[in-house]
Amino acid sequence: MAGKPPTGDPVQDAPDVAAPQHAAAGLPAIAHTLRVAQQQMGVRRTALTLLKVNQKDGFDCPGCAWPEPDKRHAAEFCENGAKAVAEEATLRRVTPDFFAAHPVADLATRSGYWLGQQGRLTHPMYLAEGAASYEPVTWERAFDLIAEELHALTSPDEALFYTSGRTSNEAAFLYQLFAREFGTNNLPDCSNMCHESSGSALTETIGVGKGSVLLEDLYRADLIIVAGQNPGTNHPRMLSALEKAKAGGTKIITVNPLPEAGMERFKNPQNARGLAGVGTPLTDLFLQIRLGGDQALFRTLGRLVLETEGAVDTDFIREHTHGFEEYERTARAADWDETLRATGLRREEIEEALRMILASRRTVVCWAMGLTQHKHAVPTIKEVVNLLLLRGDIGRPGAGVCPVRGHSNVQGDRTMGIFERPSAAFLDALEKEFDFTPPREHGLDVVRAIRALRDGDAKVFFAMGGNFVAASPDTEVTEAAMRRARLTVHVSTKLNRSHVITGARALILPTLGRTERDRQSGGDQFVTVEDSMGMVHASRGRLEPASPHLLSEPAIVCRLARRVLGTESTTPWEEFEKDYATIRDRVSRVVPGFEDFNARVARPGGFTLPHAPRDERRFPTATGKANFTAAPVEYPKAPEGRLLLQTLRSHDQYNTTIYGLDDRYRGIKNGRRVVLVNPDDARTLGLADGAYADLVSEWTDGTERRAPGFRVVHYPTTPGCAAAYYPETNVLVPLDHTADTSNTPASKSLVIRLEQADPA
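Let us look at the structure shown here. (Residues numbered from 1 in each chain as written. Predicted model: local features only at pLDDT ≥ 70, side-chain atom pairs only at ≥ 80, totals over all residues. Heavy atoms only, no water.)

1. Focus: the overall build of the chain
Within the chain, the regular secondary structure consists of 32 helices and 33 strands. Since a compact globule built from 760 residues should have a radius of gyration of about 27 Å, the 25 Å found for the chain is in line with a globular shape. Of all intrachain contacts in the chain linking residues separated by at least 6 positions in sequence, the fraction that spans at least 24 positions is 78%. As presented, the chain carries roughly 26,500 Å² of accessible surface, and 51% of it is formed by carbon and sulfur atoms. (Helix = DSSP H or I, 4+ residues; strand = E, 2+ residues; numbered from the N terminus. Rg over C-alpha atoms; globule rule 2.2 N^0.38 Å. Contact = heavy atoms within 4.5 Å. Areas by Shrake-Rupley, 256 points an atom, 1.4 Å probe, with all protein chains shown as cover.)

2. Remarks on unusual backbone geometry
Here the residue pair Y726 and P727 is connected by a cis peptide bond, since its omega of 10° sits within 30 degrees of zero. Its place among the elements puts P727 in the loop between strand 32 (721-725) and strand 33 (750-757). We note that N743 has phi near 65°; this positive angle belongs to a residue other than glycine. Looking at the element boundaries, N743 is found in the loop between strand 32 and strand 33. Since its relative accessible area comes to 9%, N743 is described here as buried. (Buried < 20%, exposed > 50% of the residue type's maximum accessible area, 1.4 Å probe, protein only.)

3. Concerning the packing of helix 23 (residues 424-434) against helix 29 (residues 580-590)
Between helix 23 and helix 29, whose axes approach to 9 Å, the crossing angle comes to 130°. The angle between helix 23 and helix 29 places the two elements in the oblique class. Crossing angle aside, the handedness with which helix 23 passes helix 29 is right-handed. Contacts from F426, A429, L430, E433 and F434 in helix 23 reach R586, R589 and V590 in helix 29. When grouped by side-chain class, the residues that make up the contact of helix 23 with helix 29 number 5 nonpolar, no polar and 3 charged. (Axes fitted to C-alpha atoms, helices over the stretch in contact; angles between N-to-C directions. Parallel < 35°, antiparallel > 145°, perpendicular 65-115°, else oblique. Left-handed = near helix turned anticlockwise from the far one by under 90°. Nonpolar A, V, L, I, M, F, W, Y, C, P; charged D, E, K, R; others polar.)

4. Some words on the pairing of strand 30 (residues 692-697)
Within strand 30, 6 of the 6 residues are buried, which leaves the element mostly enclosed by the surrounding structure. Side-chain alternation along strand 30 places Y692, D694 and V696 on one buried face and A693, L695 and S697 on a second face that is also buried. As paired elements, strand 30 and strand 31 (residues 705-714) share 5 bridges and run antiparallel to each other. Directly across from Y692, in strand 31, lies its bridge partner R711. As judged from the 6 bridges shared by strand 30 and strand 33, these two strands associate in the antiparallel manner. Each bridged residue has a counterpart across the sheet, and for A693 the counterpart in strand 33 is Q756. (Pairing = 2+ DSSP bridges.)

5. Points about helix 21 (residues 377-390)
Taking 1.5 Å per residue as the helical rise, helix 21 with its 14 residues ought to reach 20 Å, and the 20 Å between its terminal C-alpha atoms agrees with that figure. In terms of burial, helix 21 is a largely internal element, 14 of the 14 residues being buried. Directly beyond the C-terminal end of helix 21, a positive phi value near 70° is found at G392. (Expected span 1.5 Å × (residues − 1).)

6. A look at the pairing of strand 18 (residues 505-510)
Most of strand 18 is tucked away, with 6 of its 6 residues classed as buried. With burial as the criterion, each face of strand 18 is covered, one bearing R505, L507 and L509 and the other bearing A506, I508 and P510. Pairing analysis gives 3 bridges linking strand 5 (residues 125-127) to strand 18, with the strands arranged antiparallel. Its bridge partner being in strand 18, Y126 is matched across the sheet by L507.

7. What about the environment of T415?
With respect to the helices, strands and loops of the structure, T415 is situated in helix 22 (residues 410-415). Accessibility expressed as a relative area gives 14% for T415, which makes it buried. Sequence spacing of T415 and G593 is 178 residues, and the spatial spacing of their C-alpha atoms is 9.9 Å. If we skip the residues at most four places from it in the chain, T415 touches K210, E530, V591, F594 and L609. Within the structure, the side chain of T415 is placed 2.8 Å from the side chain of K210, a separation counted as a polar contact. (Polar contact = N/O pair within 3.5 Å; in protein donor to acceptor, adjacent residues only side chain to side chain.)

8. A word on the side chain of T718
Here T718 shows up in the loop between strand 31 and strand 32. Given a relative accessible area of 2%, T718 falls into the buried group. Here the side chain of T718 touches P257 through a polar contact of 3.1 Å, landing on its backbone oxygen. Excluding residues that lie within four positions of it along the chain, T718 makes contacts with P257, Q288, I289, R290, N678 and D681.

9. Regarding the state of the cysteines
Under the counting rule described, the total for this entry stands at 0 disulfides. Lacking any disulfide linkage, C194 is separated from the closest cysteine sulfur, that of C190, by 5.4 Å. (Disulfide = S-S within 2.5 Å.)

10. Describing the packing of helix 18 (residues 336-343) against helix 19 (residues 347-359)
Contact geometry of helix 18 with helix 19 gives a least axis separation of 10 Å together with a crossing angle of 95°. By the criterion of interaxial angle, the relationship of helix 18 to helix 19 is roughly perpendicular. Within the contact between the two elements, helix 18 uses W336, T339, L340 and T343 and helix 19 uses R347, I350 and E351. Across the contact of helix 18 with helix 19, the residue classes break down as 3 nonpolar, 2 polar and 2 charged.

11. As for the side chain of R290
With respect to the secondary-structure elements, R290 resides in the loop between strand 12 (285-287) and helix 15 (294-306). Of the side chains bearing the opposite charge, D681 lies closest to the buried R290, which forms no salt bridge; the N-O distance is 9.1 Å. There is a polar contact of 2.7 Å between the side chain of R290 and the backbone oxygen of P636. With residues up to four places along the chain from it excluded, the contact list for R290 reads R341, A342, T343, G344, Y635, P636, K637, A638, L644, T718 and C721. (Lys, Arg positive; Asp, Glu negative; His and termini not counted. Salt bridge = Lys/Arg side-chain N within 4 Å of Asp/Glu carboxyl O.)

12. A closer look at the packing of aromatic side chains
Where two aromatic rings form a pair, the distance of their centres and the angle of their planes describe that pair. This structure, assessed with the given rule, holds 22 aromatic pairs. Taking the centre distance of 5.5 Å and the plane angle of 80° together, the rings of F161 and F178 count as edge-to-face. Here the residue F161 occupies a position in strand 7 (residues 159-163), and F178 occupies one in helix 8 (residues 169-182), the gap between them amounting to 17 residues. This pair shows no difference in class: F161 is buried, exactly as F178 is. Members of the aromatic cluster, connected to one another through ring pairs, are F161, Y175, F178, F182 and F462. Positioned above the aromatic ring of F526, the side-chain terminus of R540 is 4.6 Å from the ring centre. If you follow K637 out to its NZ or CZ, it ends over the ring of Y635, 4.1 Å from the centre. (Phe/Tyr/Trp six-rings, centres within 6.5 Å; stacked < 30°, edge-to-face > 60°. Lys NZ or Arg CZ within 6 Å of the ring centre and 35° of its normal.)

13. Some thoughts on the nonpolar core
Across soluble globular proteins, nonpolar side chains have a tendency to be buried as a group. Residues I146, L150, F161, F178, F462, L509 and W573 are the most contacted members of the largest nonpolar core, which totals 62 residues. For L150, the contacting residues outside a window of four places in its chain are A159, F161, F178, F182, V460 and V564. (Core = buried A, V, L, I, M, F, W, Y, C linked by side-chain atoms within 4.5 Å.)

14. As for the sheet that holds strand 21 (residues 527-530)
Spatially, 3 strands are ordered 21-22-23 in an open sheet, and the strand pairing comes out antiparallel. Bordering the open sheet on either side are strand 21 and strand 23 (607-608), each of which pairs with just one other strand. In terms of strand pairing, strand 21 meets strand 22 (residues 535-539) through 4 bridges, oriented antiparallel. Directly across from E530, in strand 22, lies its bridge partner V536. Packed on one face of the sheet, helix 8 meets strand 21 and strand 22 and runs near 90° to strand 21.

15. What to know about the sheet that holds strand 8 (residues 223-227)
Taken together, the 5 strands give an open sheet; going across it, the order is 12-9-8-14-15, and neighbouring strands pair in parallel fashion. Both edges of this open sheet fall to strand 12 and strand 15 (400-403), since each of them pairs with a single strand only. Pairwise comparison of adjacent strand axes, ignoring direction, gives a mean angle of 15° for this sheet. Bridging between strand 14 (residues 363-367) and strand 15 involves 4 bridges; their strand directions are parallel.

Treat this as a map of the structure, not an account of what it does.
Structure, rendered in structure tokens:
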């Protein structure tokens with residue numbers, strides 16, 4: 001039998017701490033996976049469900065967007081993917097009786113972990129203005145309430161339509177179509193908070209805001225650089241790909257302020273060496289960089305390549321690039337002293353990295369939030385591109401850029417038009433296909449949406465999935481902004497913090513999960529997703545829905561559109577709800593690369609979207625070539641007595657979803673309010689291992705942002721740098737502290753002070 005959800009919120013302020021581990025996965029991962037899955041689903045349901053995860057005839061994992069190989073293991077999932085599936089396929093239920101027993105004021109005192117552990121939502125729920133508790137409501141009444149508020153707006157731009165990366169291609173396409181028929185481009189999404197910097201940098205430099213490699217390129221690479229990323233926790237199946245690359249002779253450089261067990265040694269639970277042996281060492285060179293020093297590192301590596309005879313691919317640069325001369329002048333002026341200050345590295349470490357780069361004929365650079373969430377994130381990623389362009393390493397097999405996306409379909413949602421700044425070409429195609437005039441004025445991203453709510457310029461907030469309140473920066477500002485809304489609506493599978501920080505009125509609309517069978521009047525349906533490398537494939541759930549009162553995401557959008565837009569819309573919303581193939585037919589005529597969508601996605605494994613730099617060495621930029629850039633080198637600085645803080649996930653976590661209170665690889669158990677500090681820094685600050693401190697961020701606006709009661713853990717971080725888990729530390733991230741160009745919250749370079757606190 002599956003276990004019951006916790007009735008009381010567990011104490012999280014007295015964690016146990018042991019030494020960090022030096023290997024990931026292995027037998028402990030299997031044991032933990034099975035224990036969590038059986039607690040949530042029971043033995044039989046666990047077996048039936050997990051064997052369909054990421055299979056060609058199964059459903060796409062609702063966790064990360066790492067691609068699947070063509071030949072798949074029977075257990076094609078990782079520990080964290082299994083946790084995500086278990087929480088969606090759980091037998092626990094959140095019924096109207098639960099809400100009757102737990103007023104919103106009570107739920108607001110609970111942790112995100114406790115809320116998520118209660119189980120699946122079963123009924124549409126409504127919180128009336130001034131009411132203490134949510135009450136069940138019919139779907140018809142729910143859509144009437146939303147229509148009432150939307151029609152009362154003085155402008156469509158007073159509505160915000162947020163999207164989580166879990167949303168399918170079909171639902172995302174319908175959602176953006178509805179928003180634009182309603183009259184707004186206010187389509188903030190979770191990309192704004194994670195890889196927006198990647199898209200901004202890559203669009204300008206190579207003309208496509210996506211990675212340029214496939215899995216096969218990793219296997220062919222001579223060198224893989226993994227920068228600002230922790231695959232062992234955030235993308236565990238990537239470790240299998242790195243292991244395969246290592247078997248073929250690939251070298252790996254890891255660039256990270258924290259040593260990470262997964263990049264040290266991988267014990268693959270799918271083979272004997274991983275289960276009973278020592279596993280596979282992955283990292284050949286570990287560059288323990290100072291937070292935010294990556295731009296300086298890649299600039300200096302570029303300088304050293306330029307200074308090495310025969311190291312530059314002059315033919316590629318002449319034929320395919322623009323701006324080389326200005327970049328060369330700037331790079332040759334890179335200063336060693338500044339580089340060493342910015343990176344915290346030794347000169348010989350950087351020179352060793354150079355030797356590995358020069359020995360490689362094919363190099364891939366992978367990165368994630370450790371590069372994208374800094375004020376200078378966009379020029380940092382451009383500097384990564386500069387280094388690859390010098391060597392001709394974009395558009396050849398085994399080489400290229402690899403931004404590793406987070407949530408399962410976050411990249412597909414953007415492809416489907418979930419973007420507040422759509423291209424004219426996309427809007428033209430939408431107008432031609434659906435015979436309406438879409439708005440052309442750019443909409444609001446996440447940060448600007450919060451400001452609009454705060455300032456009273458937005459009044460309705462509608463979220464297709466996600467946990468917006470917990471994921472967003474400046475928690476107190478975000479929560480106050482949400483409470484100013486007239487109506488907040490969340491399409492969700494489980495309870496989360498965003499359901500208890502509401503506008504004057506609020507709705508929770510329960511939806512099908514990836515694991516569940518989607519029956520419509522036209523028969524059983526499937527949806528599609530796009531992975532982190534541009535592969536599009538089908539996802540088919542098999543389980544019976546958690547409740548007969550659930551609607552699929554496409555059905556919710558279609559019914560909402562019919563109610564809000566009425567007869568003025570000529571879009572066949574009823575037909576779309578009945579048969580998702582009709583949605584894909586329209587996508588095929590609007591979105592480039594999706595021609596003959598239905599036929600191509602019917603093939604096992606799906607299809608690969610075109611990528612001009614990868615496929616043709618063609619760069620669709622403003623210059624028609626790949627662009628070198630030469631931005632000034634920046635890096636964050638902390639005054640004496642202060643530290644640079646990065647927010648990060650624990651191993652028992654995916655985005656804002658907390659699966660448990662342990663971080664096994666870092667030696668943390670039964671707690672999340674910990675701050676990892678270099679022992680020398682901690683001693684200088686007078687903080688013993690096990691002491692408690694408040695974290696206080698310091699920024700230019702003079703506002704004190706405080707996260708109280710964190711246990712200090714002496715940890716081998718880069719000197720001057722610290723780390724702590726989000727969402728608990730999102731309160732420290734100023735709303736206006738964002739990356740230039742992309743406007744992504746700069747959560748990886750916060751200046752903080754530690755104030756000793758009473759453990760009590």
